[in-house]
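Topology and contacts: notes
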Amino acid sequence: MGLAAATSDRERRDLVTHQAMDETCLIRFVAGPDGAVVPDLARKLPGRGMWVAADRASIETAAKKNLFSRSAKAPLKAPADLADTVESLLVRRCLDQLGLARREGVLISGFEKCAAAIRIGAAAWLIEASDGASDGRGKLLNLARHQATQVCGAFSADDLSLALGLENAIHAVLLAGGRADRWGQEASRLAGFRPLRPPEWGPHEGPGGGSGSDEDPGSGP
């Protein structure tokens, strides 16, 4: 059973705000055998779960105010870099799912293929390397905006290339379907730690700037 199905319509209480929230908006933690606070992003580790909203500020607050110990009614050690650890785990989960999506045939790469998928409304997510050239990215972002395709630019070209098993991966599209829905939940949690759309990207990027990648469109349409 996938994460989306397993957590649908289930709510837990956030340690920081005490508000009931859907599990998909939270990070589960458990107490490790050594008294450490352990993130459980897959929600599979044994033990009583402690739930915190999926954003950096909430996790830092929970650690600073010793809320994990209060919840567990036992002394627990929350490392100072707990939020960084959660971010790294979320990045790995997102990238691993992209690799799985490519093996399943529901992720495509390359400028022309991505543009075609967006034009016909088959693209759930446009995934752009954060450090790719602005010319091809701007064209695909314009297409995505007109088709209401969601956009993620949270990963570098090296990250995407390694995850997808490709050389110099710049543009990718995750096709609509169950895999895209599950990936979207992970991406939504990651957005609490890093922007899905880098702030340096312009809202209306047009042609310009060198490419350096055979996936970029150059003088394409």
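Just above sits the structure.
Residues numbered from 1 in each chain as written. Predicted model: local features only at pLDDT ≥ 70, side-chain atom pairs only at ≥ 80, totals over all residues. Heavy atoms only, no water.

**Overview of the pairing of strand S9 (residues 171-175)**
Within S9, four of the five residues are buried, which leaves it mostly tucked inside the rest of the structure. The sheet contact formed by strand S6 (residues 107-109) and S9 spans three bridges and is antiparallel. Bridging across to S9, Leu-107 finds its partner in Leu-174. In terms of strand pairing, strand S7 (residues 123-129) meets S9 through five bridges, oriented antiparallel. Each bridged residue has a counterpart across the sheet, and for Ala-123 the counterpart in S9 is Leu-175. (Buried < 20%, exposed > 50% of the residue type's maximum accessible area, 1.4 Å probe, protein only. Helix = DSSP H or I, 4+ residues; strand = E, 2+ residues; numbered from the N terminus. Pairing = 2+ DSSP bridges.)

**Description of the packing of aromatic side chains**
One pass over the structure, following the stated rule, counts two aromatic pairs. Between Phe-29 and Phe-68, the aromatic rings sit 5.0 Å apart at their centres with planes inclined by 65°, giving edge-to-face as the arrangement. Residue Phe-29 is found in strand S3 (residues 26-31), and its partner Phe-68 is found in helix H3 (residues 67-72); the two are separated by 39 residues along the sequence. For the pair Phe-29 and Phe-68, a shared accessibility class is recorded, and that class is buried. An angle of 80° between the planes, with centres 5.0 Å apart, marks the rings of Trp-125 and Trp-183 as edge-to-face. With Trp-125 in strand S7 and Trp-183 in helix H8 (residues 178-190), this pair connects stretches of sequence that are 58 residues apart. One exposure class covers both Trp-125 and Trp-183, and it is buried. (Phe/Tyr/Trp six-rings, centres within 6.5 Å; stacked < 30°, edge-to-face > 60°.)

**A word on the packing of helix H4 (residues 82-104) against H8**
The contact between H4 and H8 brings their axes to 9 Å, and the two run at 160°. One element, H4, and the other, H8, form an angle in the roughly antiparallel class. Between H4 and H8 the crossing geometry is left-handed. Along the contact surface, H4 presents Glu-87, Leu-90, Val-91, Arg-93, Cys-94, Gln-97, Leu-98, Leu-100, Ala-101 and Glu-104, while H8 presents Arg-179, Arg-182, Trp-183, Glu-186, Ala-187, Arg-189 and Leu-190. Looking at the contact of H4 with H8, its residues break down into nine nonpolar, one polar and seven charged. (Axes fitted to C-alpha atoms, helices over the stretch in contact; angles between N-to-C directions. Parallel < 35°, antiparallel > 145°, perpendicular 65-115°, else oblique. Left-handed = near helix turned anticlockwise from the far one by under 90°. Contact = heavy atoms within 4.5 Å. Nonpolar A, V, L, I, M, F, W, Y, C, P; charged D, E, K, R; others polar.)

**Notes on the packing of helix H5 (residues 111-119) against helix H6 (residues 134-147)**
Two elements in contact, H5 and H6, have axes separated by 9 Å at closest approach and are oriented at 15°. Compared by their axis directions, H5 and H6 come out roughly parallel. As for the relative orientation of H5 and H6, their crossing is left-handed in sense. Of the residues in H6, those touching H5 at Phe-111, Cys-114, Ala-115, Ile-118 and Arg-119 are Gly-136, Lys-139, Leu-140, Leu-143, Ala-144 and Gln-147.

**Quick look at unusual backbone geometry**
Most peptide bonds are trans, and most residues other than glycine sit at a negative phi. A positive phi angle, close to 60°, is found at Arg-43, a residue other than glycine. Mapped onto the fold, Arg-43 is located in the loop between strand S4 (37-39) and strand S5 (50-53). Positive phi outside glycine occurs at Asn-168, with the angle close to 60°. Residue class for Asn-168 comes out partly exposed when judged on its relative accessible area of 27%.

**Some words on the sheet that holds S6**
Within the open sheet, the four strands sit side by side as S6-S9-S7-S8. Their pairing is mixed. Pairing within the sheet leaves two strands with one partner each, and these edge strands are S6 and strand S8 (150-155). Sheet twist, expressed as the mean angle between neighbouring strand axes with direction ignored, is 25°. Where S7 meets S8, four bridges bridge the pair, whose relative direction is parallel. Looking at S8, one finds that Ile-127 is bridged to Cys-152. Relative to S8, H4 is tilted by about 120°, and along the sheet it contacts S6, S7, S8 and S9. Most of the contacts of helix H7 (residues 157-164) go to S7, to which it runs at about 125°, and overall it touches S6, S7, S8 and S9.

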